Amino acid sequence: MHTVFATGRTRPAAWRRAQLRALRAFLVDHQSEISDALHADLGKSPLESYLTELGFVVNEIDHTLRHLNRWMRPRRVGVPLSLAPARARTVREPLGTVLIISPWNYPLQLALGPLVGALAAGNCAVVKPSELAPATSALLARRLPRVLDPEAVAVVEGGVPETTALLEQRFDHVFYTGNGAVGRIVMTAAARHLTPVTLELGGKSPAVVEPGADLATAARRIAWGKFMNAGQTCVAPDYVLAVGDAADEIEGHLAAAVREMYGERPAESADYGRIVNERHFDRLTGLLGDGRTVVGGEHDRAARFIAPTVLADVSPESAVMREEIFGPVLPIVRVPDLDAAISFITGRDKPLAVYAFVGSARSKRRLEAETSSGALAFGVPNAHVTVPGLPFGGVGESGVGRYHGAHSVDTFSHTKAVLDKPLLLDPLRVAYPPFTQVKERI
Ligand code: NAD
């Protein structure tokens, strides 16, 4: 693949556009095949699959096709007078061959979203889908080589041994989405080749709720963001951080929201997903004993079903608050005031997102200025990922680097500095040695 890149074939805008259009056509033409694979892996409903996976990538492609010419244009940069006459600009060049390692929770979006950026920037790419979403992985391996330039894009299926073997090779960028422990393995392997990495990781994203905010609406939106894909969403609110009386008020609203969305028996709802495998099922059911169950708690191992569950009066020291939950369990932790909420957040790893449902502009300003996270969203969880102009990525433990739209093209390009000074005049002569004349004047 390095040799294909070296021919220059992937550089022209026409090649990049053709790949993106072909990928778009595949997504649109094979909707039901894709939807079936996502249902087999995660029990996703067709509408949820469309909104969060397939449609998401289609939107990303459309946005990229619309703006790619502008993003590819060289940018003029000012030159200091001492160098005049001269012109300076930056140009973007593709990095080469990139490796994309994706996880199981949005197995289509998180493999193809980065691929859109890699192709738009003119790279060759190897995609390694997650072995924990085998139907989607097989579909990508079967279809992509037929849809895209097969010498420039490859899909390698497999788990730890195959990924380890890939990481031994030299790539020009490694883009990894998944957990932080493997993120460290990826970064260590990449360091051997001095290969830059993007690490899209997770963390415990809080949803701060304050008295005085519309908590019925807040609860509906938190429940929507949390229980989508049965809680297996990297940007989902991990826990509710309730200020004072908001703790008592929000629990009833959350229970009502869950019943409104998934009915009295969520196991029978066609709109509710399943846990990816038994290992995650066992890990999650081990967390159900923390706190007081407000709604949910039912589970069925054979069906990998865990009901949308809200836990109140949860201690910050309990197991459910020690690691990223990544499932349909929503603890409510009570703090006395906004100061305590801010200290709670800043005292822990920087999350992928902070969500806040607060009553005043002052609270918003304080959260923006005093907390650090990949993203901050007021009034709605998860939705910032759909704003194409916003960078998506973490900070600290939640990740390294960013992508989406122009930020993807940035990630998968090298911004090269170009200086062009005519040979015609040579005022630079004053700077050449010997320096005797200059020295005499100083
Ligand atoms: P996973 O188990 O599918 O692993 C991700 C990828 O890493 C897979 O392709 C897998 O084959 C590979 N892998 C696993 N172990 C490896 C090893 N020892 N060496 C090399 N490669 C290895 O997915 P996961 O990590 O369980 O995903 C869930 C995590 O990902 C959560 O923490 C979640 O928050 C995070 N996540 C982040 C984002 C984001 O965009 N920031 C998106 C989705 C998930």
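Residues numbered from 1 in each chain as written. Predicted model: local features only at pLDDT ≥ 70, side-chain atom pairs only at ≥ 80, totals over all residues.

**Let's talk about the site of the ligand**
Around the ligand there are 28 residues in total, and P103, S130, G178, G202 and C234 lie nearest to it. Looking at the shell around the ligand, the elements with two or more residues in it are α7 (160-168) and α8 (180-191). With 3 residues, α7 is the largest single contributor of residues to the shell around the ligand. Its residues assigned to classes, the shell around the ligand comprises 12 nonpolar, 12 polar and 4 charged. There are two domains that each give the shell around the ligand at least three residues, and those are domain 1 (1-201 + 398-418) and domain 2 (206-385). (Near = placed C-beta within 6 Å. Helix = DSSP H or I, 4+ residues; strand = E, 2+ residues; numbered from the N terminus. Nonpolar A, V, L, I, M, F, W, Y, C, P; charged D, E, K, R; others polar. Domains from an automatic or database assignment.)

**Notes on the UniProt feature "domain: Aldehyde dehydrogenase" (unreviewed entry) in the chain**
Mapped onto the present numbering, the UniProt feature "domain: Aldehyde dehydrogenase" (unreviewed entry) falls on residues 9-418. In the segment residues 9-418, helix accounts for 40% and strand for 19%; the C-alpha atoms at its two ends are 23 Å apart. (UniProt positions renumbered as here; feature names shortened; annotations may be inferred.)

**A short note on the sheet that holds strand β1 (residues 75-77)**
Taken in spatial order, the 3 strands make up an open sheet running β1-β2-β18, and their pairing is antiparallel. If you trace the sheet from one side to the other, it starts and ends with β1 and β18 (413-420), each paired once. Neighbouring strand axes in the sheet, compared pairwise and without regard to direction, differ in orientation by 30 degrees on average. Where β1 lies against strand β2 (residues 87-94), 3 bridges are found, and the strand directions are antiparallel. Note on β2: the bridge partner recorded for R76 is R89. (Pairing = 2+ DSSP bridges. Axes fitted to C-alpha atoms, helices over the stretch in contact; angles between N-to-C directions.)

**Brief notes about the UniProt feature "active site" (unreviewed entry) in the chain**
Under the present numbering, the feature "active site" (unreviewed entry) in UniProt falls on E200 and C234. The largest pairwise C-alpha distance within this set of annotated residues, which runs over 35 residues, is 9.1 Å, so the set is compact in three dimensions. Position of E200 relative to the elements: it lies in strand β7 (residues 197-200). The buried category is assigned to E200, around which 27 C-beta atoms lie within 10 Å. In contact with E200, not counting residues within four places along its chain, are Y176, T177, G393, G394 and G399. Within the secondary structure, C234 is located in the loop between α9 (215-227) and β9 (239-243). Judged by C-beta crowding, with 28 C-beta atoms within 10 Å, C234 ranks as buried. Contacts of C234, omitting those with residues within four sequence positions, involve N105, G202 and L352. (Buried ≥ 20, exposed ≤ 12 C-beta atoms within 10 Å, placed from the backbone. Contact = placed C-beta atoms within 7 Å.)

**What to know about the nonpolar core**
V208 and V209 are the most contacted members of the largest nonpolar core, which has 116 residues in total. Of the residues forming this core, the biggest block, 8 residues, is contributed by helix α5 (residues 109-120). The residues that make up this core include at least three from each of domain 1 (1-201 + 398-418) and domain 2 (206-385). (Core = buried A, V, L, I, M, F, W, Y, C linked by C-beta atoms within 7 Å.)

**Some points on the packing of helix α3 (residues 31-42) against helix α4 (residues 46-72)**
It is at 10 Å that the axes of α3 and α4 come closest, and there the two elements cross at 100 degrees. In this view, α3 runs roughly perpendicular relative to α4, as classed from their interaxial angle. In this structure, α3 contributes Q31, I34, S35 and L38 to the contact, and α4 contributes P46, S49, E53 and L54. Here the residues of the contact of α3 with α4 are counted per class, giving 4 nonpolar, 3 polar and 1 charged. (Parallel < 35°, antiparallel > 145°, perpendicular 65-115°, else oblique.)

**Focus on the sheet that holds strand β14 (residues 329-335)**
In space, the 7 strands of this open sheet follow the order β10-β13-β14-β9-β8-β15-β16, with mixed pairing throughout. This sheet does not close on itself; its edge strands, each paired only once, are β10 (292-295) and β16 (375-378). Pairs of neighbouring strands in the sheet enclose a mean axial angle of 25 degrees, with direction left out of account. Of the pairings in the sheet, the one linking β9 to β14 comprises 4 bridges and is parallel in character. Looking at the pairing, A242 lines up with R334 of β14.

**As for the pairing of strand β15 (residues 353-357)**
Among the 5 residues in β15, 5 count as buried, and that is most of the element. Burial of β15 is two-sided: the residues A353, Y355 and F357 facing one way and the residues V354 and A356 facing the other way are all buried. For strand β8 (residues 206-209) and β15, the ladder comprises 3 bridges, and the chain directions are parallel. Opposite A207, over in β15, you have Y355 as the bridge partner. In terms of strand pairing, β15 meets β16 through 4 bridges, oriented parallel. Bridge pairing in β16 links Y355 to A377. Each parallel crossover has a hand, and for β15 linked through helix α13 (residues 361-370) to β16 it is right-handed. (Right-handed = clockwise from strand over helix to strand, strands pointing away.)

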